[in-house]
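As a plain string of letters, each chain reads:
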Amino acid sequence: MFGIVRPCRHSLPEPLRAAWLAHLCGLCLALRDGHGQLARTATNYDGLVISVLVEAQSAPSRRQAGPCPLRGMRGAQVSDGEGARLAATVSLALASAKVRDHVLDRDGVFARRPVASTARAVARRWDRQSGRAGDRIGFDTTVLLEAADRQGELERTATAGSPLLALTEPTETATAAATAHTAVLAGRPDNAAALREVGRLFGRLAHLLDAAEDQAEDDANGAWNPLTATGTSRTEAERLCRDATHGIRLALAEVEFTDRALAHRLLVHETRRAVDRVFVRTDHEAHETHQPHAPERPPAPRDPLTGCAMWALLACSCQLLCCEHQDPWSRERREGFCQRNDCSDGCDCLGNCDCSCCDGCDGCDCCDGCGCDC
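This text gives an overview of the structure that appears in the document. Every chain is numbered on its own, with residues counted from 1 as its sequence reads. Two thresholds apply to this predicted model, a pLDDT of at least 70 for residue-level local features and 80 or more for giving and counting side-chain atom pairs, whereas whole-chain, interface and lining totals are computed over all residues. Where side-chain values are given, they derive from all heavy atoms of the structure, hydrogens and water being excluded.

1. Quick look at the overall build of the chain
In this description a helix means any DSSP run of H or I spanning at least four residues, a strand means any run of E spanning at least two, and both kinds are numbered starting from the N terminus. A count of helices and strands for the chain gives 13 helices and four strands. In what follows, a contact means two residues having at least one pair of non-hydrogen atoms within 4.5 Å. Looking at the chain alone, contacts between residues at least 24 apart form 67% of all its contacts between residues at least 6 apart. Carbon and sulfur atoms make up 53% of the accessible area of the chain, which totals about 18100 Å². Every accessible area reported is derived by Shrake-Rupley at a probe size of 1.4 Å, with residue values counting cover from the shown protein chains alone.

Right, dumping it as structure tokens:
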């Protein structure tokens, strides 16, 4: 799973958290039902925003899902309908582009020829599947695939001094098209322009946060990074990110919703938390990074087949979610998702529980039950 919107149980009120999980499970099951079990690996936290936006402009659509290991073998009410299908279509198309990027960059196991060959075949299949699924709901995925191709060309020609926002344009264009189509599916065509702007800025924010979060690792590995390639400072990157969150809030205020609570919480509050997480915590932690002594050696990575088997074991036993564990492939120590997204240490919620951004929320009750003494 990947994405910048990662609400935790302390920052998201319980009713909204339940709705968020319904969309997350609905996206995962839409990928499985429409494209096979492997497609569930394309589930990502940002993609479910598409499902949330469709429902926020229309009405909830739910169905009963059976037991799942990631829910402790419990059933659940999950999102259903065209919103979930659009989210699955977009997620699959973007995942195929991400796989191709990994193959092109020879990242990790993708440097192995058999893995790269298999990954390319999977990406081609996902391209075809997402295209057919998009046709059924009136969404042309060509805009997403063309954006991915254009992204590669821009990165190959970028040099120090190149405009950073020129590199975020393909991502902006892709997410703008997807969010605008939520208005079509919800029968609210007048919302399309404002939602296109929401999507454009959300795409910019996601691209910049991903670059900032990965910069230290990319630089250490000699990998390409837009901030390093263009010579953009982290201060400037943070300014652009905070401008984008402000623009998202303004554009979202122009959208006519049936129920704006969850959409507002994810796209306004949680995007602010994402910026704080990357630029406040990451920069602070960079000064405290432990450098291994000369005798220390990283553990030997597992081969791809063993790594996949270990990933399945960790996923089915819920260790990926709830426990500290070894990375299935690199063997490095990782925290579970619940640990990484638990802000209970002091419950400061990264400054978002002061309710200052709730002014003008039009009664969305977005601060109710946040778990902090607002």
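2. What about a positive patch on the surface?
Taken together, the side chains of Arg85, Arg120, Arg124, Arg125, Arg128, Arg132 and Arg136 make up a positively charged region of the molecular surface. It is helix H4 (residues 113-136) that contributes the most residues to the positive patch, six residues altogether. Among the structural elements, Arg120 can be located in helix H4. In this scheme, a residue with accessible area under 20% of its type's maximum is buried, one over 50% is exposed, and one in between is partly exposed, where area comes from a 1.4 Å probe on protein chains only. You can call Arg120 partly exposed: its relative accessible area is 38%. Only residues whose relative accessible area exceeds 30% and that form no salt bridge are eligible for patches; like-charged ones are grouped when within 9 Å, while nonpolar side chains (Val, Leu, Ile, Met, Phe, Trp, Tyr) are grouped when within 5 Å. Here, a salt bridge means any Lys or Arg side-chain nitrogen found within 4 Å of an Asp or Glu carboxyl oxygen. For the charge count, each Lys or Arg is scored as positive and each Asp or Glu as negative, with His and the chain ends excluded. Charge positions are represented by NZ for Lys, CZ for Arg, CG for Asp and CD for Glu.

3. Quick look at the environment of Ile248
Residue position: Ile248 is located in helix H9 (residues 234-252). In this structure, the C-alpha to C-alpha distance between Ile248 and Glu197, residues 51 residues apart in sequence, is 7.4 Å. Non-local contacts of Ile248, meaning those with residues more than four positions away in its chain, are made with Val198, Leu201, Phe202, Leu205 and Leu267.

4. Regarding the pairing of strand S1 (residues 62-68)
Pairing of S1 with strand S2 (residues 74-79), which is carried by five bridges, proceeds in the antiparallel orientation. Counterpart to Ala65 in the pairing with S2 is Ala76. Whether two strands pair comes down to DSSP finding at least two bridges between them. Between S1 and S2, which pair antiparallel in sequence order, lie five residues; one of them, Gly72, sits at a positive phi of approximately 65°.

5. Re the pattern of salt bridges
Here the structure, examined in full by the defined rule, presents 16 salt bridges. Across the pair Glu172 and Arg204 runs a salt bridge, and its minimum N-O distance is 2.9 Å. Separated by 32 residues along the polypeptide, Glu172 in helix H6 (residues 164-185) and Arg204 in helix H7 (residues 192-221) bring together distant segments of the chain. The residues Glu172 and Arg204 share a single accessibility class, namely buried. Among the salt bridges present, the one from Arg239 reaches Asp243, with a minimum N-O distance of 2.9 Å. Here Asp243 and Arg239 lie together in helix H9, a separation of four residues that amounts to about one turn. Relative accessible area serves as the criterion here: at 40%, Arg239 is assigned to the partly exposed category. Connected through shared salt-bridge partners, Arg32, Asp33, Arg63 and Asp80 make up one network.

6. A closer look at the packing of aromatic side chains
In summary, the pairing rule links any two rings of Phe, Tyr or Trp, Trp by its six-membered ring, whose centres are within 6.5 Å, and it sorts them by plane angle into stacked for under 30 degrees, edge-to-face for over 60 and tilted for everything else. All chains considered together, the criterion is met by one aromatic pair. Pairing Trp20 with Tyr45 gives two aromatic rings, centres 6.0 Å apart and planes at 25°, and the pair type is stacked. Highlighted residues: Trp20 in helix H1 (residues 14-35) and Tyr45 in the loop between H1 and helix H2 (48-57), separated in sequence by 25 residues. By the burial criterion, Trp20 is buried, and Tyr45 matches it.

7. Side note on the packing of H2 against helix H3 (residues 82-105)
Interaxial angles span 0 to 180 degrees and are taken between N-to-C directions of axes, which are lines fitted to C-alpha atoms, for helices over the stretch in contact. Two numbers describe how H2 lies on H3: the axes approach to 8 Å, and their chain directions differ by 155°. What the angle tells us is that H2 and H3 run roughly antiparallel. When you trace H2 past H3, the crossing you get is right-handed. Contacts between H2 and H3 involve Ile50, Ser51 and Val54 from the first element and Gly83, Ala84, Leu86 and Ala87 from the second. Side-chain classes follow a simple rule in which Ala, Val, Leu, Ile, Met, Phe, Trp, Tyr, Cys and Pro form the nonpolar group, Asp, Glu, Lys and Arg form the charged group, and the remainder, Gly included, forms the polar group. Looking at the contact of H2 with H3 residue by residue, the class counts come to five nonpolar, two polar and no charged. The cut-offs work like this: below 35 degrees is roughly parallel, past 145 is roughly antiparallel, 65 to 115 is roughly perpendicular, and the gaps in between are oblique. Left-handed describes a crossing whose near helix is turned anticlockwise from the far helix by less than a right angle; the clockwise case is right-handed.

8. Some words on H2
Working note: α-helix, 3.6 residues per turn, so residues spaced by three or four point in the same direction. Counting buried residues along H2, 10 of its 10 residues qualify, which places the element largely inside the surrounding structure. Within the span of H2, buried status applies to Leu48, Val49, Ile50, Ser51, Val52, Leu53, Val54, Glu55, Ala56 and Gln57.

9. Quick look at the side chain of Ser79
Along the chain, the position of Ser79 falls in strand S2. When neighbours within four sequence positions are excluded, Ser79 is seen to be in contact with Ala22, His23, Gly26, Leu27, Ser51, Ser61, Arg62 and Ala84.

10. Describing the packing of H3 against helix H5 (residues 142-157)
The interhelical angle for the contact between H3 and H5, taken along N-to-C directions, is 30°, at an axis separation of 9 Å. Considering their axes alone, H3 and H5 lie roughly parallel with respect to each other. Where H3 crosses over H5, the two elements pack in a sense that is right-handed. Facing H3, whose interface residues are Val90, Ala93, Ser96, Ala97, Arg100 and Leu104, H5 presents Leu144, Leu145, Ala148 and Arg156. Residue composition of the contact of H3 with H5, by class: seven nonpolar, one polar and two charged.

11. Points about H1
Working rule for helices: expected span equals 1.5 Å times residues minus one. Helix length check: H1 (22 residues) gives 31 Å between terminal C-alpha atoms against 32 Å at 1.5 Å per residue, within 8%. Two residues or fewer after H1 comes Gly36, characterised by a positive phi angle close to 100°.

12. Topic: the environment of Leu38
Note on placement: Leu38 falls in the loop between H1 and H2. Exposure remark for Leu38: the relative accessible area of 42% places this residue in the partly exposed category. In sequence terms Leu38 and Trp126 are 88 residues apart; their C-alpha atoms lie 10.0 Å from each other.

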